[in-house]
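Single-letter residue listing:
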Amino acid sequence: MKGYNFAYLDEQTKRMIRRALLKAVAIPGHQVPFGSREMPLPYGWGTGGIQVTASVLGRSDVLKVIDQGADDTTNAVSIRRFFARTAGVRTTTHTSEATVIQTRHRIPETTLRDDQIIVYQVPQPEPLFRLEPSRIETRRMHALADYGLMHVKLYEDVARFGQISISYDYPVLVNQRYLMSPSPIPAFDNPKMHLMPALQLFGAGREKRIYAIPPWTEVRSLDFEDHPFRPIRAPHPCGLCGATDSYLDEVVIDDKGGRLFVCSDTDHCAERRAAGHVGSEGLREAAE
Amino acid sequence: MSASIDLPGFADPVTEAQATFRAVLDAMARPGTIHRAGQHLAAPAPLDGATAAVLLTLVDHETPLWLDAEAAPARDWLAFHCGAVLVPEPDTACFAVALSLPDLARFSAGSHEAPEVSATVVLQVPALASGTRYRLSGPGLREPEELSVTGLPPWFITQWQQNRTLFPRGLDVILCAGTMLAALPRSVSIEEG
Amino acid sequence: MAYVAVKGGEQAIDHAHAWLAEERRGDTAIPELSLAQIDGQLGRSVDRAMGEGSLYDRELAALAVKQAQGDLIEAAFLLRAYRTTLPRFAHSSPVDTSDMRIRRRISAVFKDLPGGQVLGPTYDYTHRLLDLELAHDSGGATPKCHDPMTAMPRVPDILRREGLMEPDGDGATEPGDLTRQPLAFPASRDVRLQALARGDEGFLLALGYSTQRGYGGTHPFAGEIRMGEVAVEIEPPELGFAIDIGDILVTECQMVNQFKGSKTVPPQFTRGYGLVFGFSERKAMAMALVDRAMRAEELGEEVTAPAQTVEFVLYHADNIEATGFVEHLKLPHYVDFQSELENVRRMRREHETSPPPAGGGLGEGAVRTLVNR
Ligand SMILES: [Zn+2]
């Protein structure tokens, strides 16, 4: 794009972000403060993820952007266009083709490879913020690995509800040291973070924090022995491709309580259908 | 002392800095794996291509730089091309360039609240992928991996173990030789293999 | 009817942009606003956009106001996003407001003082009656000459001669810059003032107001408010002397606050300080109140109120951050909502088969999860 540097950010800013990224990788799960810049997109729209992606991206990269698991959600479209415009990189909707995947709220169903990088957009990097709003305090807690507050919260959940009631942004312990927000992905996706072959980078623009999980790193969702972590998904097969192990969107199809459950990962669903898998909706149509 | 200031920096700064960064990022994410950098760079003596490329990529006026005596001849080149601010004492440096293993305890290891405010030591060694074998394990590695390095003294292991005990504080090291680099983040455990 | 996943995000965006452009222009039978008109006739909007946008450029600010259809937070955002792309050539020397070319200068603590009370172009004593004459093309009054007045002593300087006012900082340390380094605590006063100067006028107004109602009172007097042009100077190292690069219009407010003294400091007046681009008196005054409130800890006062809590004020003053995060709730969150739906369904199922051990009812608890998370 005329008048702007490759991938929008100036080189000085990229250097600053790159230094933060390297420290983040060296200290898995630790939130590294960085001089987040004001981007031409609003805070909350992925400014952190965009800055991380812009600092990582090269001319030969292939970029995939998803929001809610889908490539065609408006904000994913907007961010993909931003990079197509400012970096001229090739973009794709196919998980397997991408070298860099920027995501909001999901991890693709297809297992990521060690030559891929996933960049998460993070609205709130501090996993303790609901329990202690002061970042001066939470910083001290991370320094001491003092996570008693979170354990008490989870314990109270069990005492009150008989189970842990967190269903997304479910806190994890990284490399047995740092409590970390996985970003607001559904708890269903948490196990994918554990020993993931791909490098995981997290950018929080408004809160000015970057953090990372190196490949093959232990990422444990907090739980109790007698109340183990249980990922949740709707107990249905995908209506389009019949998948029984993917995370599902619930679509309201009429005003009589009709629901259709379909894969949230649109690329995953499309590939399955291309491979001949058919769900109940497809079967119904074929019968009509 | 040095005429190396005349040597150019990256011919295509945007592309080469990005490629070098990805090499370092990958190296840091997978400790001990070897990556290429600085193949197209006329590095100032005594720096190798990889060393010079890493510095061009990461160092600027915001990151105080310390050089050991052997690396000092590259001072002017680094000041000119990186805008680096050179500091006489290692403890205030964000980055350090050394041609032989310095005493790691002399660098900032960060604080418990800000362990990221620690030095990154760019250590140029005679060779990577040959020499003493080290066994690496930790985040980034599925199973223990081997890295061979020529030119590290026997007391390196003790120094590193010391660094490892500081975690999450600690230094991170980027090893460079010729146009190869590997990284040792503070999270990695190293034994002689 | 077969289910088809929603597609066409790309088209929808293009359509929205086109519609927005059309709506911005409005009825093409009506002449389009020029930037000179906006700067000349909506000057206070331009001032606010510059202040919160952190960029002094009247023409660009007028453009931002036009592009944002008069939405001033949106206009400030446009300026901020532009500002970050600009290279930095130099840092200016601190502006010298005692050398201001005065358009307005009032003090509430002295009846008269050297230079006098200068009302300037103020709304203060206007009666807020809609001027129906203004509804028509007024043709404009014949401009009178308002020669700006120069160099008037500042009230705190007058008080300081008697030792009654705390001294200025020595200004020896390099000031911080929030736009380059993330906020860290404890935040020094220079960084706090930068955050307030960029902060949202409404937020500062409400916080300043809260101190007047007892939430961290500071016994303020409006020592002086002045508005006018000051010179901006830079001192290039290769020259060794300062050069004037232009004038900017600023509003400065120095609140004078009582201070009973401490073991080491005799009783004296302290200050809350406000300095804002343009004619933005309300903001400068609110800023001065909040600045003084945030000095509570430094001055050994008890920290009890929101305006005194530095972390709270600084993290919430920026309206670009705030509007982004509040408004981001309209982005799709259906993946997370789906996980909450399933969670509540599961909890209800399990409640039916085996109610939780003890304590609160599950229905209530399930709602709590949705509300709180
Ligand atoms: Zn499907």
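Calculation criteria
- Residues numbered from 1 in each chain as written.
- Chains lettered and ligands numbered in written order.
- Predicted model: local features only at pLDDT ≥ 70, side-chain atom pairs only at ≥ 80, totals over all residues.
- Heavy atoms only, no water.
- Helix = DSSP H or I, 4+ residues; strand = E, 2+ residues; numbered from the N terminus.
- Areas by Shrake-Rupley, 256 points an atom, 1.4 Å probe, with all protein chains shown as cover.
- Contact = heavy atoms within 4.5 Å.
- Buried area = accessible area lost by both parts, 1.4 Å probe.
- Salt bridge = Lys/Arg side-chain N within 4 Å of Asp/Glu carboxyl O.
- Donors = N, O, S within 2.8 Å, 3.2 Å for Na, K, Ca; no water.
- Buried < 20%, exposed > 50% of the residue type's maximum accessible area, 1.4 Å probe, protein only.
- Polar contact = N/O pair within 3.5 Å; in protein donor to acceptor, adjacent residues only side chain to side chain.
- Expected span 1.5 Å × (residues − 1).
- Pairing = 2+ DSSP bridges.
- Axes fitted to C-alpha atoms, helices over the stretch in contact; angles between N-to-C directions.
- Patch = residues over 30% accessible without salt bridge, like charges linked within 9 Å, V, L, I, M, F, W, Y side chains within 5 Å.
- Domains from an automatic or database assignment.
- Phe/Tyr/Trp six-rings, centres within 6.5 Å; stacked < 30°, edge-to-face > 60°.
- Lys NZ or Arg CZ within 6 Å of the ring centre and 35° of its normal.
- Parallel < 35°, antiparallel > 145°, perpendicular 65-115°, else oblique.
- Nonpolar A, V, L, I, M, F, W, Y, C, P; charged D, E, K, R; others polar.
- Disulfide = S-S within 2.5 Å.
- pLDDT = per-residue confidence, 0-100.

Helix and strand counts for chain C stand at 13 helices and four strands. As displayed, chain C offers around 21,400 Å² of accessible surface, 58% of which is attributable to carbon and sulfur atoms.

What follows covers the interface of chain A and chain C. Each partner contributes to the interface: chain A provides 73 residues, whereas chain C provides 56 residues. The contact between chain A and chain C buries some 5,500 Å² in all, and 53% of this surface belongs to carbon and sulfur atoms. Together, Glu38, Arg81 and Arg160 of chain A form the three largest contributors to the area buried by chain A at its contact with chain C, with a combined 13%. On inspection of chain A and its partner chain C, the count reaches seven salt bridges.

Right, let's talk about the arrangement of the chains for a bit. Considering every one of the two pairs of chains in contact, the largest contact total is recorded for chains A and C. Taking C-alpha atoms only, the smallest gap left between chain B and chain C, which are not in contact, amounts to 11 Å.

Let us look at the coordination of the zinc ion. All names here are of chain A. Summarising the metal site, the zinc ion is bound by the protein donors Cys238 (SG), Cys241 (SG), Cys263 (SG) and Cys269 (SG), whose distances to it range over 2.2 to 2.4 Å. Accessibility expressed as a relative area gives 4% for Cys263, which makes it buried. Since its relative accessible area comes to 3%, Cys269 is described here as buried.

All right, on to the interface of chain B and chain A then. Taken together, the contacts link 39 residues of chain B with 41 residues of chain A. Interface of chain B and chain A: buried area, both sides summed, is about 3,200 Å²; carbon and sulfur atoms make up 59% of it. Across the contact surface, chain B and chain A share six salt bridges. Seen at the junction of chain B and chain A, the total is 19 residue pairs in polar contact (both at pLDDT 80 or more). Within the residue set of the side of chain B that touches chain A, elements represented by two or more residues are helix H1 (13–29) and helix H2 (49–58) of chain B.

The subject of this paragraph is helix H5 (residues 148–161) of chain A. With 14 residues, H5 of chain A should reach 20 Å at 1.5 Å per residue; the first-to-last C-alpha distance of 20 Å fits that figure. Taken from the residues just after H5 of chain A, Gly162 of chain A is the one with a positive phi, measuring 80°.

According to the stated counting rule, one finds 55 salt bridges over all chains in the structure shown. Salt-bridge contacts for Glu62 of chain B lead to Arg19 of chain A; the nearest nitrogen and oxygen are separated by 3.3 Å. Taken together, the residues span two chains, with Glu62 of chain B in the loop between H2 and strand E2 (65–67) and Arg19 of chain A in helix H1 (residues 11–26). A salt bridge links Arg101 of chain C to Asp247 of chain C; the shortest N-O distance between them is 2.3 Å. With a gap of 146 residues between them, Arg101 of chain C in strand E1 (residues 101–106) and Asp247 of chain C in strand E3 (residues 243–259) connect regions that are remote in the sequence.

Residue and element names in this part refer to chain A. Along strand E2 (residues 62–67), six of the six residues are buried, which leaves the element largely enclosed by surrounding structure. Here two bridges tie E2 to strand E3 (residues 90–91), and the two strands are oriented parallel to one another. By the bridge assignment, Val62 is partnered in E3 with Arg90. As defined by bridge partners, E2 adjoins strand E4 (residues 100–104) across five bridges and the pair is classed as parallel. Bridge pairing links Ile66 to Thr103 in E4.

Residues and elements named next belong to chain C. Read across the open sheet, the four strands follow the order E1-E2-E3-E4; overall the sheet is antiparallel. For this open sheet the edge positions go to E1 and strand E4 (268–277), each flanked by a neighbour on one side alone. On average, adjacent strands in this sheet sit at an angle of 20° to one another, irrespective of strand direction. For E1 and strand E2 (residues 220–234), the ladder comprises five bridges, and the chain directions are antiparallel. Across the sheet, the residue bridging to Arg104 is Met227, located in E2.

Before going further, it helps to examine a nonpolar patch on the surface. Residues and elements named next belong to chain C. On the surface, a cluster of nonpolar side chains totalling about 350 Å² of accessible area is made up of Leu239, Phe241, Ile243 and Ile245. Within the element layout of this structure, Ile245 appears in strand E3. Its relative accessible area of 52% is what places Ile245 among the exposed residues.

Below, the discussion takes up the side chain of Asp291 of chain C. Residues and elements named next belong to chain C. Turning to its location among the elements, Asp291 is positioned in helix H9 (residues 281–293). The exposure class assigned to Asp291 is buried, which follows from its relative accessible area of 0%. At 2.6 Å, the side chain of Asp291 forms a polar contact with the side chain of Arg189. Those residues in contact with Asp291 that sit more than four places away from it in its chain are Arg189, Leu193, Leu196, Arg271, Gly272 and Tyr273.

Here the focus is the sheet that holds strand E7 (residues 178–180) of chain A. Residue and element names in this part refer to chain A. Taken together, the three strands give an open sheet; going across it, the order is E7-E6-E10, and neighbouring strands pair in antiparallel fashion. In this open sheet, the two edge strands, each paired with only one partner strand, are E7 and strand E10 (219–221). Strand-to-strand twist of the sheet, defined as the mean angle between neighbouring strand axes without regard to direction, takes the value 30°. Both strand E6 (residues 172–174) and E7 contribute to a ladder of three bridges, which runs antiparallel. Bridged to Val172 within E7 is Met180.

Before going further, it helps to examine the domain arrangement of chain C. Under the domain assignment used here, chain C contains domain 1 (10–83), domain 2 (97–121 + 149–324) and domain 3 (339–372). Just the C-alpha atoms count here: the centres of domain 2 of chain C and domain 3 of chain C sit 52 Å apart.

What follows concerns the packing of aromatic side chains. This model, assessed by the stated rule, comprises 13 aromatic pairs over all chains. A centroid spacing of 6.2 Å and a plane angle of 35° characterise the contact between Phe156 of chain B and Trp160 of chain B, whose relative ring orientation is tilted. In this pair, Phe156 of chain B and Trp160 of chain B both sit in helix H4 (residues 156–165), four residues apart, roughly one turn of the helix. What makes Trp160 of chain B buried here is its relative accessible area of 1%. Sitting over the face of the ring of Phe6 of chain A, Arg59 of chain A holds its NZ or CZ atom 4.6 Å from the ring centroid.

Each pair of packed helices can be summarised by the angle the axes make with each other and by the distance between the axes. Axis separation between H1 of chain A and H1 of chain B bottoms out at 10 Å; the angle between their running directions is 5°. Between H1 of chain A and H1 of chain B, the interaxial angle falls into the category roughly parallel. Between H1 of chain A and H1 of chain B, the residues in contact are Glu11, Lys14, Arg18, Leu21, Leu22 and Val25 of chain A and Pro13, Val14, Ala17, Gln18, Phe21, Val24, Leu25, Met28 and Ala29 of chain B, respectively. When the residues that make up the contact of H1 of chain A with H1 of chain B are grouped by side-chain class, the tally is 11 nonpolar, one polar and three charged.

Summed over the entire model, instances satisfying the criterion amount to zero disulfides over all chains. Cys82 of chain B supplies the cysteine sulfur nearest to Cys176 of chain B, a cysteine that is in no disulfide, at a spacing of 13 Å.

Let's shift gears to the confidence of the model for chain C. Per-residue confidence for chain C gives a mean pLDDT of 88, with 91% of residues at or over 70. Low confidence marks residues 359–373 of chain C, where pLDDT is under 50. Its contacts with residues over four positions away, or in another chain, come to 27 contacts.

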